[in-house]
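# Structural features, examined
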Amino acid sequence: MQSLIMKSSKEAVQAAAKEFLNFVNRGVSPYHVVEECKTRLLNAGFTELKESEHWDIKPANKYFVTRNYSTIIAFAVGGLYKPGNGFSMIGAHTDSPCLRVKPRSKKTRLGCLQVGVECYGGGIWNTWFDRDLTVAGRVMVKSGDKLLHRLVHVQRPILRIPHLAIHLQRDINDSFGPNKENHLVPFLATAVQEELETGSATSGDACNAGSTAEKHHPALIRLLCGELGVEPDALLDFELCLADTQPGTLGGIYEEFIFSPRLDNLHSCFCALTALIDSNTSLDADSNIRVITLYDNEEVGSESAQGAQSNLTELILRRLASTPDNLTAFQEAMPLSFMISADMAHASHPNYQEKHEENHRPAFHKGPTIKFNSNQRYATTAVTASILREVAGRVEVPLQDVMVRNDSPCGTTIGPILAARLGIPVLDIGAPQLAMHSIREMCCTSGVLQTTTLFKGFFELFPSVRNMLVVD
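Computed from a prediction, not measured in an experiment: that's the story for all the values here. (Residues numbered from 1 in each chain as written. Predicted model: local features only at pLDDT ≥ 70, side-chain atom pairs only at ≥ 80, totals over all residues. Heavy atoms only, no water.)

### Points about the layout of surface pockets
What the largest pocket holds in volume is close to 1,200 Å³. At 3 residues, helix H9 (residues 414-422) tops the list of elements feeding residues into the lining of the largest pocket. Of the residues contributing to the lining of the largest pocket, the split by class is 18 nonpolar, 12 polar and 10 charged. (1 Å grid on protein atoms, 1.4 Å probe; cavity = no way out; pocket = protein on both sides within 12 Å on 5 of 7 lines; lining within 4 Å. Points joined across faces, edges and corners; volume = space filled by probe spheres on them. Helix = DSSP H or I, 4+ residues; strand = E, 2+ residues; numbered from the N terminus. Nonpolar A, V, L, I, M, F, W, Y, C, P; charged D, E, K, R; others polar.)

This is the structure we're talking about:
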């Protein structure tokens, strides 16, 4: 086993894992993920661009652009880059399954003030019961003649979805499938306590509400306004995610595990971002443009203006390749490019061994896992796998392979979407984890450093490895 774990000290492994925990604990919504990425990129000397403005891109310089403030694309231009050269790309996603506050969330039942929520993505919804929940996301406010987007994250637990006692559902341990409309409605307060606190009690729902403030319980509106320092009539709309207030942490007797929300897919976002920043010292000698694309809405199919199915990636790559001296620079660049689609992989579960294909059982500490599916649910081919294996061998990061059983459905990623949309070689890979799409997921600490090292090696080595390839 020791030979399969990277030759790094426990201190280095845990330092990388702890820095990831800082990232994931701040990334409580896709908007907060982008905010955290933006902060780290600015601190690393990247320049922010706007899609609507003219760009003057120069070699050996670094930039980023956001769309909807929930998707971010960052790129570092090699010092030797010329239009027509390739793009070295890593893609991941900023969103995770969660509950989101409905546009009209006010509910009052049996003297309890509740908040209507909608299921986003394919969460394991029973794990959201009996958790100390809060809200985080963005609020649109009117300030003078401006419509401003403001981020909010309430740090304390304000919501909870309690289970029904076992005495009232004796078969709960045999099968528990909550009704997502009726049973996933969190408690905010009681009407009695609200009357004691404010002198009046809320009642009814939001069917006939007119203003934004009337669509939600006054207590929730007051809380949001207090966090933002605005008056209720300044609120225009908001997109709020429910989030667990328990932070991610190291765990296990040897602190070799990470117990955390949103591992899928902030683990990949962090590793891609860190690799792009850390590889800066070798940028002057690179002939490619290094790119990370962190998209929103992967968990619901990527079909949005800020999702991987949009034209965003192509538009940006075309702008970067554009030159009046070479009108086919973009077309020439695509076959010289490569994308790693980074999304978490399923580790083998010892309690459910029958769920895994017997020869493809990813384990903790044994390296990132290349994903294969002949039906194109993943975009990996023999060619793209060979390229990454060459990179991994040079930076001494072990790799694993995974393929689902023939009698099991297979998930998918942004990989096939971008392979088809851009016509570039793509490989799907992810660090192994357990409890994917639970409110609390689990992976190993070594996966952070292994994945970051692999991605950094990819940025630095891909052009030379690509020159070895003889296919088309």
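### Here we look at the sheet that holds strand S13 (residues 289-295)
The 9 strands lie next to each other as S1-S2-S3-S13-S4-S14-S18-S16-S17, forming an open sheet whose pairing is mixed. Each edge of the open sheet is held by one strand with a lone partner, namely strand S1 (47-48) and strand S17 (400-402). As judged from the 6 bridges shared by strand S2 (residues 62-67) and strand S3 (residues 71-77), these two strands associate in the antiparallel manner. Paired with Lys-62 across the two strands is Ala-76, which belongs to S3. The strands that helix H2 (residues 30-43) touches are S1, S2, S3 and S13; relative to S3, the one it contacts most, it runs at about 20°. Packed on one face of the sheet, H9 meets strand S4 (87-93), S13, strand S14 (338-342) and strand S18 (426-430) and runs near 165° to S18. (Pairing = 2+ DSSP bridges. Contact = heavy atoms within 4.5 Å. Axes fitted to C-alpha atoms, helices over the stretch in contact; angles between N-to-C directions.)

### What about the nonpolar core?
Grouped together as the largest cluster of nonpolar side chains are 59 residues, with contacts concentrated most on Ile-90, Ile-258, Ile-292, Ile-340 and Phe-455. The contact partners of Ile-90, leaving out residues within four places of it in the chain, are Ala-272, Val-291, Ile-292, Thr-293, Ile-340, Ala-342, Phe-455, Phe-458 and Phe-459. (Core = buried A, V, L, I, M, F, W, Y, C linked by side-chain atoms within 4.5 Å. Buried < 20%, exposed > 50% of the residue type's maximum accessible area, 1.4 Å probe, protein only.)

### Description of the side chain of Asn-297
Within the secondary structure layout, Asn-297 lies in the loop between S13 and helix H6 (312-321). Within the structure, the side chain of Asn-297 is placed 3.1 Å from the side chain of Tyr-120, a separation counted as a polar contact. Engagement of the side chain of Asn-297 in a polar contact is seen with the side chain of Ser-304, the distance being 2.6 Å. Every residue in contact with Asn-297, bar those within four places of it in the chain, is listed here: Asp-95, Tyr-120, Ser-302, Ser-304 and Gln-306. (Polar contact = N/O pair within 3.5 Å; in protein donor to acceptor, adjacent residues only side chain to side chain.)

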